Amino acid sequence: MSPLDRKLLRDLWRIKGQAIAIGAVIAVGVLMLVMMTGLVSSLEETRKAYYERYRLAEVFAPVTRAPERVVSELAALPGVAAAEGRVTGAALVDIEGSALPLQARVVSLPDFGEPKLNDVYLTGGRRLEGDRTDEILLLQGFADAHGLVPGDTLRLTVRGARRDFRIVGLAQSPEFLYVTAPGELAPDDARFAVIWMSRTAAEAAFDLQGAFNEALLSMARGASEAAVLDAVDRILEPYGGQTAYGLEDHVSNRFVTEEISGLRTMSTGVPPIFLGVAAFLLYIVISRMVEAEREQIGLMKAFGYNNREVGLHYFKLVIVIAAGGAVTGCLLGIAAGNAMAGLYLEYFKFPFLIFQLSPGPFIIGFLTSILAASAGGLFVLRRVFALTPAVAMRAAAPADYSGAGAFGSALNRLLDQPSRMVLRRITRQPGRMVGAMLGIAAGLALSGAMIAVMSGFDETLGIAFGVIDRSDVTVTFTDARSDKILLELARIPGVKHVEPVRMVPAVLRNGLKTHRGAISGLVPRPRLNRALDSDLDPIEMPGSGVILARPLADILDISPGEMLTIEVREGRQPDLQVPVVGLADSLLGSPAYMDIAAINRALKEPGRVSGAYLAIDASQSEAIYSRLKNMPTVAGVHLKDNARRSFQQLMDSGAGAMRYVMALIAFVITFGIVYNTARIAQAERERDIASLRVIGFTKSEASFVLLGEIAVVTLLALPIGAVLAFFLTFGVAAGFSSDLYQIPAGFGRADFGMAALAVLAASLLSGWLVKRDTDRTDLVSALKSKE
Amino acid sequence: MPVSQIEISENLHEAIYRTVGLTKVYGEGAAAVHALRGVDLVIPPGEIVVLLGPSGSGKSTLLNIIGGLDRGTDGEAWFEDQNLADMSDAELTIYRRDNVGFVFQFYNLMPSLTARENVELVTEIADDPMDPGEALALVGLHERTDHFPAQLSGGEQQRVAIARAIAKRPRVLFCDEPTGALDSKTGRAVLKVLKEVNETLGSTVLIVTHAAATADMAHRVIHFADGDVREVIENETQADPDEIEW
């Protein structure tokens, strides 16, 4: 080992505290990048593998009643690889102890053998046996939520007939990763069941002997989905086809896709911000560290080392720290990504995990750290190289404080000498101080933006369930009914207000952009469920035209004034041309609103309602639920509190859960920045402090010079950080927003307060750590060493 | 004329410093370095005392201990009737603040304070200080008092350091190689200032140096070697710094 390399190792040992602090900040930035990209690619790979292994269909074609022979017609279509018909429909589950009826979806499995498409993954018990009509498989999530196990009996109501079934097995399916009761946004395992029964049993239950009401298709490689959809629609049309749709419009898949793409948006949007802040800090720290080596650089040059050799030596020092941090970050990132993937595995209900890592984030993280560190080092080295060895070695000339902007004598009289030392350092060496200030401000911005986004989640829930939806209960009817039913609801004792709604399933189309959703028909001035504009003021339903949620307008790429095509997927299935007349800030989901009379008129079904929002007297809720449960026209009853809880859970366990991890990392980086700033200031002032101590200043008096500087820099960084945080919040909030929910970008006073507290706490702790060290400084040796 | 240690110790009641068996060991075991090996020494007040010796002889270590910057490993170090070895860190700080002025080879000025402000740094915390202007005048710096250290020459910086050290009217002025970084002309000027401080303020001045010529201006010269006092010489006459051969 060459003497220079030995020096390198000893130098590293000497500055180990700071090297570790710098390395840690880089490590955390890289960790974030590696973790997020690893997580996203793993989830995508796993989903793909799950879909393939259990043969999830790529085309779903609902139909009223098609004879079984039509399946072979579908299978023969060009571009179709496999086709299968099945029977599916709605049911109610009667669980003892549950005040509300629970909705369920029944799906048929072939009597013999495995299904060609949409197989199930058995998690307990056994598969259905032959054509036994009293056996069912139950969705694992629902079974868990209600403590049901194979062997238990489940009572179902299908088409008005009540019957008991025996649960023989529990299952999961790529088709039902997420289950959402009709009319609800957030999934809830406890309130929606999926039940598989034999084809024979399902045909009997839904009166579809020898027929199917849903076709599943998989496509040959390279086939055009649009062409297949068209062909399928043509074949099924005579049997009441309701328009085939591809996987991207499938509810569960869309949900998973949305969640994963939320994570992906986050992984591309947020980690670079973190890494950027880390890189900036690295630049500042390294440049000041190399500056402190000035004398040794002069010495090495005096010995005859040339600039390249000296530069290489310090470059190595920088690389060891940066690379050490980057490698640690990669390793921790893999571990964290793996752990997070494990958590999401449970959340997404994937039966297995394919952990996938791509080299991209490693290379990006590694290069960013090393480039930032080298830039910091080289910048200073160039300045030092410009000096002759003799000058570089000379007992450091005192830093020049004679610059312009001398203090007014009035101010001087107010300040004692140590305070002047603090202030002059800030006013006359602005370069260093601005660097330190920007570093701390960036740290504050990072924490602040994360805090703002965290409170944004609460705000979203608060607005969605406090301002937009002010009902207590939502009732959905089995089908669109005469509005006379509203009177029936209003007569229930304890119901204070009834507000009708007409939900119409539809495909919204603007040119090539489509969205499969629904139109919500509301009364002109709703009180319980309202559309709000960006100021949270209610929007009155216009006599004609549609109001779109902002993210929906983005998906459809449409603005107010343009015409929207609404392809209704109910009844006669007309296509409507309706102008977009406004945008609503809905925060949850992506609704489209119309006046209820206008949509009914367009459908030529006047006076129809599909559901109602109720305001009720909480003390009579049990009696009200029991009345609703016994009304045959009521298909579902949803409590707002349940919905709110489901959403909270969704935000806390889905992509949104990442906010906690990221906030933690933001705090680590913020502390790292503040601590490093304090350490650098300490290194630069060590000699001054020792001199003060020798003159007779007490430990506290002497450390005031250092702590005062840290305090002033921190305080100055607060307003700058607030401005940075304000802008950063937009980026981070956009990263956390998806089609499922939007996070408002707002950096408020409370957020600033929290972030400022975090920075001040970090500053106090760093100050305490630094003071502890300066108190221990050996006066003699500190005086002997020249800077 | 050499005098024996015993004769000096008869004047104990007059001593400003007295050490008994003062030892300083750095490190442990085989790697231990004995910087001071049981030094017995008496320094009377009001004198200029020069500590001479090659580097590593222990003279700076002694200065640091009796200056309250460091502690001995063993033995006693008395400042009048106080044993510095028994003092806490806080008491040592008070001791330095009230009694001692320091001048170092590398000046140790605060770069962010002007010459006058560097002096004020001390006058603000001292009990009965001089006017900063007066202290600066004493070292011959009447004019450049509003300049920052970066704008002053080495000799000027050292004179500011002396002004800072004497402004509190210290009982003792410690100077560790005060002329080490200076040329002969500036060095003489600095020594003159030290002599003047001794004469006008009555401060005891302790100068650590390896420039033997400096010894001519001292009342007392203590030769150090291998961590102990080799010889103490009292000069009957003191040379003027101008006459000192550099």
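Each helix and strand counted, chain A has 23 helices and 20 strands in total. Contacts in chain A between residues at least 24 apart in sequence constitute 81% of all its contacts with a sequence separation of at least 6. A total accessible area of about 32,100 Å² is found for chain A, and carbon and sulfur atoms account for 59% of it. Charged side chains in chain A number 78 positive and 79 negative. The centres of these two groups are separated by 8 Å.

Looking now at a nonpolar patch on the surface. All names here are of chain A. A surface patch of nonpolar side chains, about 340 Å² in accessible area, is lined by Phe280, Val434, Leu438, Ile720 and Leu724. Along the chain, the position of Leu724 falls in helix 21 (residues 699-736). Classification of Leu724 as partly exposed rests on a relative accessible area of 37%.

Another point: the interface of chain B and chain A. Each partner contributes residues to the interface: chain B has 30 residues there, and chain A has 31 residues. Surface buried jointly by chain B and chain A totals about 2,800 Å² across both partners, of which 60% is contributed by carbon and sulfur atoms. Viewed at the interface, chain A and chain B are joined by five salt bridges. Of the charged contacts in the structure, one is a salt bridge between Arg424 of chain A and Glu117 of chain B, with a shortest N-O distance of 2.3 Å. Connecting chain B to chain A are nine residue pairs in polar contact (both at pLDDT 80 or more).

A separate point is the packing of aromatic side chains. Residue and element names in this part refer to chain A. The final tally for this structure, using the stated rule, is 26 aromatic pairs over all chains. Aromatic side chains Tyr178 and Tyr347 sit 5.9 Å apart centroid to centroid with 75° between the ring planes, which places their arrangement in the edge-to-face category. Taken together, the residues span a long stretch of sequence, with Tyr178 in the loop between strand 8 (161-172) and strand 9 (192-198) and Tyr347 in helix 9 (residues 307-348) at a distance of 169 residues. As far as the burial class goes, Tyr178 and Tyr347 line up, both buried. Between the aromatic rings of Phe726 and Phe727, the centroid separation amounts to 5.3 Å while the plane-to-plane angle is 85°, which identifies the pairing as edge-to-face. We classify Phe727 as exposed; its relative accessible area is 54%. Aromatic ring contacts, followed pair by pair, group Tyr50, Tyr54, Tyr121, Tyr178, Phe255, Tyr344, Tyr347, Phe348, Phe350 and Phe352 into a single cluster. Of note, Lys349 hangs over the ring of Tyr178, and the distance from its end group to the ring centre comes to 5.8 Å. Over the ring of Trp768 we find Arg772; its NZ or CZ atom is 5.2 Å from the centre of that ring.

Residue and element names in this part refer to chain A. Pairing between strand 3 (residues 88-94) and strand 4 (residues 102-109): six bridges, direction antiparallel. The residue of strand 4 that forms the bridge with Leu92 is Gln103. For strand 3 and strand 7 (residues 153-158), the ladder comprises three bridges, and the chain directions are antiparallel. Within strand 7, the residue paired with Val93 across the bridge is Leu156.

All right, on to the confidence of the model for chain B then. Mean pLDDT over chain B: 85, with 94% of residues reaching 70 or higher. Between residues 1-12 of chain B, whose pLDDT stays under 50, and residues either more than four places distant or in other chains, the model counts 13 contacts.

All names here are of chain B. Note that Asn99 resides in helix 3 (residues 89-99). When its relative accessible area of 13% is taken as the criterion, Asn99 is described as buried. The contacts of Asn99, once residues within four sequence positions are left out, are Phe79, Pro170, Arg171 and Val172.

Moving on to the pattern of salt bridges. For the coordinates displayed, the defined rule picks out 44 salt bridges over all chains. Put simply, Arg264 of chain A and Glu44 of chain A hold a salt bridge, and the shortest N to O gap is 2.0 Å. Taken together, the positions of Arg264 of chain A in helix 7 (residues 251-291) and Glu44 of chain A in helix 2 (residues 16-53) put the pair 220 residues apart, joining distant regions of the chain. Owing to a relative accessible area of 36%, Arg264 of chain A belongs among the partly exposed residues under this scheme. Where Lys195 of chain B meets Glu199 of chain B, a salt bridge forms, and the shortest distance between an N and an O atom there is 3.4 Å. Of the two residues, Lys195 of chain B and Glu199 of chain B are both situated in helix 7 (residues 184-201); the distance of four residues between them amounts to about one turn of the helix. Of the residues examined, Lys195 of chain B reaches a relative accessible area of 15% and is grouped as buried.

To continue, consider the sheet that holds strand 10 (residues 228-234) of chain B. Residue and element names in this part refer to chain B. Within the open sheet, the six strands sit side by side as 6-7-8-3-9-10. Their pairing is mixed. The sheet is open, and its two borders are formed by strand 6 (100-103) and strand 10, each paired with just one other strand. Going from strand to strand, the sheet's axes swing by 20° on average, the running direction of each strand aside. Here strand 7 (residues 172-176) pairs with strand 8 (residues 204-209) via five bridges, running parallel. Bridging across to strand 8, Asp176 finds its partner in Val208.

Below, the discussion takes up the domain arrangement of chain A. Domains assigned within chain A are domain 1 (1-57 + 255-398), domain 2 (58-254), domain 3 (418-461 + 645-787) and domain 4 (462-644). Taking only C-alpha atoms, the centre of domain 2 of chain A and the centre of domain 3 of chain A are 55 Å apart.

To continue, consider the pairing of strand 16 (residues 563-568) of chain A. Residues and elements named next belong to chain A. Burial analysis of strand 16 places five of its six residues in the buried class, the great majority of the element. In the sheet, strand 13 (residues 495-510) pairs with strand 16 via four bridges, with the strands oriented antiparallel. Along strand 16, the bridge assignment pairs Arg509 with Thr565. Pairing analysis gives five bridges linking strand 16 to strand 17 (residues 575-584), with the strands arranged antiparallel. Bridging from a neighbouring strand, Met563 pairs with Pro579 of strand 17.

Bringing the sheet that holds strand 4 (residues 74-79) of chain B into the picture now. Residues and elements named next belong to chain B. The strand order 2-1-4-5 describes an open sheet built from four strands, whose pairing is antiparallel. At either end of the open sheet lies a strand with only one pairing partner, and these are strand 2 (33-43) and strand 5 (82-83). Relative to strand 5, strand 4 runs antiparallel, the two sharing two bridges. Residue pairing for strand 5: Phe79 is matched across the bridge by Gln82. On the sheet, helix 2 (residues 59-66) packs against strand 1 (17-26), strand 2 and strand 4 and is oriented at approximately 115° with respect to strand 1.

Conventions we followed
Residues numbered from 1 in each chain as written. Chains lettered and ligands numbered in written order. Predicted model: local features only at pLDDT ≥ 70, side-chain atom pairs only at ≥ 80, totals over all residues. Heavy atoms only, no water. Helix = DSSP H or I, 4+ residues; strand = E, 2+ residues; numbered from the N terminus. Contact = heavy atoms within 4.5 Å. Areas by Shrake-Rupley, 256 points an atom, 1.4 Å probe, with all protein chains shown as cover. Lys, Arg positive; Asp, Glu negative; His and termini not counted. Charge placed at Lys NZ, Arg CZ, Asp CG, Glu CD. Patch = residues over 30% accessible without salt bridge, like charges linked within 9 Å, V, L, I, M, F, W, Y side chains within 5 Å. Salt bridge = Lys/Arg side-chain N within 4 Å of Asp/Glu carboxyl O. Buried < 20%, exposed > 50% of the residue type's maximum accessible area, 1.4 Å probe, protein only. Buried area = accessible area lost by both parts, 1.4 Å probe. Polar contact = N/O pair within 3.5 Å; in protein donor to acceptor, adjacent residues only side chain to side chain. Phe/Tyr/Trp six-rings, centres within 6.5 Å; stacked < 30°, edge-to-face > 60°. Lys NZ or Arg CZ within 6 Å of the ring centre and 35° of its normal. Pairing = 2+ DSSP bridges. pLDDT = per-residue confidence, 0-100. Axes fitted to C-alpha atoms, helices over the stretch in contact; angles between N-to-C directions. Domains from an automatic or database assignment.

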